[in-house]
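Inside the fold
Spelled out from the first residue to the last, the chains are:
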Amino acid sequence: MFGLDKKDASLLLIVAVLVAFAPFFLNPFPEGSGWAQFNAGYPDLMQRFVIFGIFAIGFNILFGLTGYLSFGHAAFLGVGSYAAVWMFKLLSMNVIPAIALAVITAGAFALIIGYVSLRRSGIYFSILTLAFAQMSFALAYSVLTPITGGETGLQLALDDPRIFGGAATEGNIPVPGFFGLEMRDSAQLVLGNWVFTFNVGYYFAAIIMLLSFYLSIRIFRSPFGMMLRAVKSNQQRLNYTGLNPRPYTLAAFVISGMYAGLAGGLMASMDPLAGAERMFWTASGEVVLMTILGGVGTLIGPVLGAGMIKYMENIISKINSDILHSWFAFLPDGLEDLVVTLIYPFIGKGWHLTLGIVFMLVVIFLPGGLVQGGQKLAGLFGRKKAQEPKNATTEPAE
Amino acid sequence: MDAIILQILNGLDKGSAYALIALGLTLIFGTLGVVNFAHGALFMIGAFCAVTLSRLLSLSHKVEVPGATDFLGNPQMRDVPYIYDIFGESLGASIIDWAVPLSILFAIPVMILIGVIMERGLIKHFYKRPHADQILVTFGLAIVLQEIIKYYYGANPIPTPAPAAFVGSFDFGALIGFEAGQIIYPYWRLVYFAFAALIIGAVFAFLQFTTFGMVVRAGMADRETVGLLGINIDKRFTIMFGLAAAVAGLAGVMYTPINSPNYHMGMDFLVLSFVVVVVGGMGSLPGAVLAGFLLGILESFASMREVIAIIPGINQVIIYLVAIIILLTRPRGLMGRKGVMED
């Protein structure tokens, strides 16, 4: 199906079904119940799941296949956002030209940076990309203020000289849309105590995510993908075979930069503003975390990692000590306080600590990330395999 | 002319911080071959050693002020640090005043301990894994250390002043024949530079003139052969890791009066220090120091108003720009050794 073998096609299908019914899956708890805060099925968060999923899928094409660890990928995401917002300002509020320009700009940017950075490998490559990204961040923050909006970021204004739609002096700032469908439109379905929200922006981003996921499967299974893996396993041998690895790695770098630009463009489409902080190097670190956490070099891993980190960021960070106390209210008072004190540093504002610890554990014990963990579990409990098809159908790239 | 000297001075103190951190990074890289992304966090922990000590020293209890009452008629209370009770008021007050320099004594054992624990507990298991894994695990560790500090000390910068004797500025120009008031420079920054020079000198002397240092240098050149001679090189390298942590920590301790410590100060310095190490040449100690000072000075020259007028924004990117040019033209860095990280 679609030029995929059976395994990959079923993986794609499963992901498609999960993504399509995500508003249901992510809202398992009824409104008003104590567990409702664990619901992730609201548009803002679901959009972030798929957008960062795209970002991580793209990063995985570079790091997972070629082994080149870029610490500056957020720069492409930032460039994509700026390009998209400028398109909204100057051309029209339709998201298609905005996203197209975001991808193209990010790709061109990646071509320049990649051309220079890929002359070195290993740690030097990481530091070169880091340097480029920090440079872009510093420039966007200071000198390029007319283009980037500097500290306040780039925003839409009422009097933007838009070609289609035109400048207005009154009324509201228009909303990005897709041929009449506004990105922030939502439909709600109320079933008893459950409220499910179906958001246009989410489904738009989700379809693009599925397309990019499909493309990444094709890349993984193509001769080109094989070539990239050869770069990872032994570049010297590749050289001796008479093949020049540089064009292949550069192509991978540009493709993953374009993925990042796509994610940036989508981000701007959901919420039309762009800021320099999206390019800061910790943002680049975040996509590294996502990819490693989910499983580098696997197909589904980066998406899982992105989902997990965004879920933690938005849900775990909201738990406060009152909620903890209510959970452990069944314990005797002294014990309750003790348990709450023990857990408290890891939740709420401390969710980064949990993230750091989980990340370290994954790097130390599970270099293949969550996917490898799932496979190990599936191996331990043979029968469990059938229940976890999502994990069982993926294989690490190596 | 005075502007140039002022910029050189400015560059020296920033350069000293870069040089100290880069020196530690290079010590770790040269001995253990590990790329330590948590080094910035060590710098930050050093700074918080100073915060901790100054808080410990000013722990106080309430004492009644004889004869004075507040508006409700209760006896008025006054905070008296415990240290006054031990050393008397005047000595106690000056001990609190000198908390930052005193923290050096406190930070050295703490940092060595943290370094050794880090090496034995975590880094040891990563020698055989690829550099990417080392980067990732130390990056994770940096996040964890940073969050622990944030949990205990909060997210806001904590002002930690220098001793009163070093507050204020020093008329450096008058010393070298300029008119008074031409080149004025804060005392503490000069102290920082002198301190950095001292530490760097001490590390080099330690490596150059002691038997221990000789063995370590031999181990850096050829670890296997040193091991075959029956020397437990791993143990010495562990100590070197502790030492590198202490160097980073001391850099952090002395930096607190210049910049109030906050939990992410390490990350801000880390990126620049890595750039410094790469410019200096991976694994080259003199290279790291040289590049640290060089980039510090370059950065302060680039932030001169005249330079910015010609190339706007150059002060923000000069270090990265230099790094990119160096990496592409002299991949080994300024003083890199042959065969180090040349994959």
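Here the structure is a predicted model, which means the values were calculated and not measured.

Let's talk about the overall build of chain B
Helix and strand counts for chain B come out as 15 helices and 4 strands. Computed over the C-alpha atoms, the radius of gyration of chain B is 23 Å, within 12% of the 20 Å expected from 2.2 N^0.38 for a compact globule of 343 residues. A burial count over chain B gives 51% of its 343 residues as buried. Restricting the contact set of chain B to residue pairs at least 6 apart, pairs at least 24 apart contribute 72%. Summed over all atoms, the accessible surface of chain B reaches about 15,100 Å², with 65% contributed by carbon and sulfur.

Regarding the interface of chain A and chain B
Taken together, the contact between chain A and chain B spans 39 residues of the former and 39 residues of the latter. Contact between chain A and chain B buries roughly 3,600 Å² in total, counting both sides, with carbon and sulfur atoms accounting for 82%. In terms of surface lost to chain B, no three residues of chain A exceed Ile123, Tyr124 and Trp281 of chain A, which account for 19% of the buried area on that side. For the pair chain A and chain B, the number of links is 0 salt bridges.

Quick word on a nonpolar patch on the surface
A cluster of nonpolar side chains, contributed by Val17, Leu18, Phe21, Phe24, Phe25, Leu189, Leu191 and Trp194 of chain A, occupies part of the molecular surface with about 670 Å² of accessible area. Contributing elements (two or more residues each) for the nonpolar patch: helix H1 (6-20), helix H2 (22-25) and strand E4 (186-191) of chain A.

A few points about the packing of helix H2 (residues 39-57) of chain B against helix H6 (residues 131-153) of chain B
Residues and elements named next belong to chain B. Between H2 and H6, the shortest axis-to-axis distance is 10 Å and the interhelical angle comes to 20°. Between H2 and H6, the angle falls in the class roughly parallel. The element H2 and its partner H6 pack so that their crossing is left-handed. Taken together, the residues of H6 that come into contact with H2 (itself represented by Ala41, Met44, Ile45, Phe48, Val51, Thr52 and Arg55) are Ala142, Leu145, Gln146, Ile149 and Tyr153. Looking at the contact of H2 with H6, its residues break down into 9 nonpolar, 2 polar and 1 charged.

What counts and how
Residues numbered from 1 in each chain as written. Chains lettered and ligands numbered in written order. Predicted model: local features only at pLDDT ≥ 70, side-chain atom pairs only at ≥ 80, totals over all residues. Heavy atoms only, no water. Helix = DSSP H or I, 4+ residues; strand = E, 2+ residues; numbered from the N terminus. Rg over C-alpha atoms; globule rule 2.2 N^0.38 Å. Buried < 20%, exposed > 50% of the residue type's maximum accessible area, 1.4 Å probe, protein only. Contact = heavy atoms within 4.5 Å. Areas by Shrake-Rupley, 256 points an atom, 1.4 Å probe, with all protein chains shown as cover. Buried area = accessible area lost by both parts, 1.4 Å probe. Salt bridge = Lys/Arg side-chain N within 4 Å of Asp/Glu carboxyl O. Patch = residues over 30% accessible without salt bridge, like charges linked within 9 Å, V, L, I, M, F, W, Y side chains within 5 Å. Axes fitted to C-alpha atoms, helices over the stretch in contact; angles between N-to-C directions. Parallel < 35°, antiparallel > 145°, perpendicular 65-115°, else oblique. Left-handed = near helix turned anticlockwise from the far one by under 90°. Nonpolar A, V, L, I, M, F, W, Y, C, P; charged D, E, K, R; others polar.

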